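# Overview (structure and organization)
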Amino acid sequence: LSKLGRLLLRINDLTGVIPTQLGQLKNLEVLSLETLYLQENQLTGAVPTQVGQLHNLEYLSLNQNNLVGPIPHQLGELTMLKRLWIYYNKLTGGVPSQLGQLHNLDLLHIYSNELIGTVPKEICNLSGLTDFQADCNTEIVCDCCTG
């Protein structure tokens, strides 16, 4: 696993929760895990806060599952992240302002969840964010949605 760069587990009918141990891989700087695709499965439970420890992650795709709970503010620690897809889940609460620390982010899709509130200005101020899609004008107040 020392050369692992991508973990692609999409469209596999995976069930259950995302293991918290995923974020406990302390050598991920060495492993250089850059891509984690878990979309289009049947994953349940919350997004583990430990995912925020995957500091080399550039692409995180958790869309089209049955994930619940809030978007973990720890995702704001993924400073290398370029793209985050978490749409079509059952995530609740507000959008964490910590996502505004993701200065490499150019795509953020959070629509079709049960999110509420106002998108923090820190996210709208991300200069590289060119594709931001949320449920604007319905459950979420947003000045910077692109779709």
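Refer to the preceding data block for the structure.
Everything quoted here is computed from the prediction, not taken from an experiment. (Residues numbered from 1 in each chain as written. Predicted model: local features only at pLDDT ≥ 70, side-chain atom pairs only at ≥ 80, totals over all residues. Heavy atoms only, no water.)

### Quick notes on the pairing of strand E8 (residues 90–93)
- Pairing of strand E6 (residues 66–69) with E8 involves two bridges; the strand directions are parallel. Bridging across to E8, glycine 69 finds its partner in leucine 91.
- Relative to strand E10 (residues 114–115), E8 runs parallel, the two being bridged by two bridges. What sits directly across from threonine 92, in E10, is glutamate 114. (Pairing = 2+ DSSP bridges. Helix = DSSP H or I, 4+ residues; strand = E, 2+ residues; numbered from the N terminus.)

### Considerations on the packing of aromatic side chains
- Within the structure shown, the criterion is met by three aromatic pairs.
- Each ring, one from tyrosine 87 and one from tyrosine 88, has its centre 5.6 Å from the other, and the planes form 65 degrees; the classification is edge-to-face.
- With a centroid separation of 5.8 Å and 80 degrees between ring planes, the pair formed by tyrosine 88 and tyrosine 111 is classed as edge-to-face. Residue tyrosine 88 is found in the loop between strand E7 (83–85) and E8, and its partner tyrosine 111 is found in the loop between strand E9 (107–109) and E10; the two are separated by 23 residues along the sequence.
- Pairwise contacts between aromatic rings join Tyr87, Tyr88 and Tyr111 into one cluster. (Phe/Tyr/Trp six-rings, centres within 6.5 Å; stacked < 30°, edge-to-face > 60°.)

### Concerning the pattern of salt bridges
- In this structure the tally under the stated criterion is three salt bridges.
- Across the salt bridge formed by arginine 83 and aspartate 106, the nearest N and O atoms sit 3.0 Å from each other. Placement of arginine 83 in strand E7 and of aspartate 106 in the loop between E8 and E9 is noted, with a sequence separation of 23 residues between them.
- Look at aspartate 106 and you get partly exposed, because its relative accessible area is 23%.
- A salt bridge links lysine 121 to glutamate 122; the shortest N-O distance between them is 4.0 Å. (Salt bridge = Lys/Arg side-chain N within 4 Å of Asp/Glu carboxyl O. Buried < 20%, exposed > 50% of the residue type's maximum accessible area, 1.4 Å probe, protein only.)

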